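# Structural overview
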Amino acid sequence: METIDAAELAEIGLRFEVDGEIATITLDRPDKRNAQTFATWRALARIGENLPGQVRIVVVEGEGPSFSAGIDLRMFTPEGVPGQGSFASNLSRDDESMEQAVATAQQGFLWLRRPDIVSIAAVQGHAIGAGFQLALACDLRVLADDAKFCMKEPALGLVPDLTGTKPLVDLVGLPRAIEMRLTARTVEAKEALELRLGELVVPRGELRQAVRDLAAALLSTDRGAATATKRLLQGAQGRSLEEQAAAERREQVQRMKALFARG
Ligand code: ACO
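Residues numbered from 1 in each chain as written. Predicted model: local features only at pLDDT ≥ 70, side-chain atom pairs only at ≥ 80, totals over all residues. Heavy atoms only, no water.

A few words now on the sheet that holds strand β6 (residues 140–144). If you walk across this open sheet you meet the six strands as β1-β2-β3-β4-β6-β9, and the pairing is mixed. The open sheet has two edge strands with one neighbour each: β1 (14–19) and β9 (200–202). Direction aside, the axes of adjacent strands within the sheet are offset by 20 degrees on average. Here strand β2 (residues 22–27) pairs with strand β3 (residues 57–62) via six bridges, running parallel. In the sheet register, Leu27 faces β3, and the bridge partner there is Gly62. The strands touched by helix α4 (residues 130–137) are β2, β3, β4 (118–123) and β6; relative to β4, the strand with the most contacts, the crossing angle is about 145 degrees. (Pairing = 2+ DSSP bridges. Helix = DSSP H or I, 4+ residues; strand = E, 2+ residues; numbered from the N terminus. Axes fitted to C-alpha atoms, helices over the stretch in contact; angles between N-to-C directions. Contact = heavy atoms within 4.5 Å.)

Below, the structure is given as structure tokens:
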């Protein structure tokens, strides 16, 4: 996939900045509360594909009062989003091609779990629907004290399909995920912290600094060891204790070789 320049990103409502080992993706359409379109998701995928090799931390943040108000509601209108159509206009496609379109959108979210990076969502204000799912796509979430999560999709007749169902169940457990999602209720920062939807809650004015501090702490460890450790942690739930122990042995042998081959 080709890289994407700043002007093209600005048109889509995104910014992408790299400062050393930290990349920042900013949803930058505050007047529309950072509503997302298919173009947003395709651009996120392209950013992931072309992420500079030195980047170890990816911060995802939103400009203005809300992290993101979710999918652009023009998709529900007959006119749709200019150049991108609407839900109704896409119905002429066959099921496979419609699923492929969702798969393409999902690529914008899935790369944020890559073991060689740590992704951090900085969430203030509303994170609704696709906004909530984007925050869930990240490894870690730092919340402002005014953060509000809402999984609105079922209220609109849709399912959450931007990779958000599994991380939610992993974090809060199945009963709470059912309760939250099927009521489409809003979860505010204090409850979100209790439910492990965020690692910490800070006053709104301290959000950026809190993310910077977390990024600096994450960068203090060896990259190869951090990548291998994240891979191990990500695999832990799907393995038995014995299988996990074997995976630890395999990773450690590679670490020892890498360390001592350095001389
Ligand atoms: N899509 C398109 N435009 C939006 C969206 C959206 N999802 N959300 C807000 N906007 C626009 C508003 O239409 C308004 O535009 P205007 O100034 O041209 O009239 C502008 O953003 C500001 O919106 P307000 O409602 O005035 O902002 P406020 O801060 O009071 O409220 C909130 C923010 C709570 C996010 C509210 O805008 C809202 O509920 N938005 C809709 C959320 C939603 O249902 N999203 C879909 C979820 S499902 C999914 O993502 C798959």
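What follows continues from the structure just given.
What follows is about the environment of Phe87. Positionally, Phe87 belongs in the loop between β3 and α3 (95–110). By relative accessible area, Phe87 is classed as partly exposed at 30%. For the pair Phe87 and Ala7, spaced 80 residues apart in sequence, the C-alpha to C-alpha distance is 27 Å. Every residue in contact with Phe87, bar those within four places of it in the chain, is listed here: Ile71, Met75, Phe76 and Leu158. (Buried < 20%, exposed > 50% of the residue type's maximum accessible area, 1.4 Å probe, protein only.)

Attention now goes to helix α9 (residues 223–236). With 14 residues, α9 should cover 20 Å at 1.5 Å per step; its first-to-last C-alpha distance of 20 Å lies within 8% of that length. In this structure Asp222 caps α9, since a side-chain oxygen of it lies 3.0 Å from the backbone nitrogen of Gly224. (Expected span 1.5 Å × (residues − 1). Polar contact = N/O pair within 3.5 Å; in protein donor to acceptor, adjacent residues only side chain to side chain.)

Attention now moves to the layout of surface pockets. Empty space within the largest pocket amounts to approximately 940 Å³. Forming the boundary of the largest pocket are 31 residues, of which Arg113, Asp139, Lys230, Leu233 and Gln234 lie nearest the centre. Looking at the lining of the largest pocket, the elements with two or more residues in it are α3, β6, α5 (165–172), α8 (207–218) and α9. In terms of residue count, α9 provides more of the lining of the largest pocket than any other element does, seven residues in total. Counted by class, the lining of the largest pocket contains 14 nonpolar, six polar and 11 charged residues. Taken as a whole, the second largest pocket spans an internal volume of roughly 810 Å³. Every residue lining the second largest pocket is counted, 36 residues in all, and those nearest its centre are Phe38, Trp41, Ile71, Phe87 and Leu158. Looking at the lining of the second largest pocket element by element, the count peaks at six residues for α3. (1 Å grid on protein atoms, 1.4 Å probe; cavity = no way out; pocket = protein on both sides within 12 Å on 5 of 7 lines; lining within 4 Å. Points joined across faces, edges and corners; volume = space filled by probe spheres on them. Nonpolar A, V, L, I, M, F, W, Y, C, P; charged D, E, K, R; others polar.)

Geometric descriptors of this kind do not, in isolation, establish any biological role.
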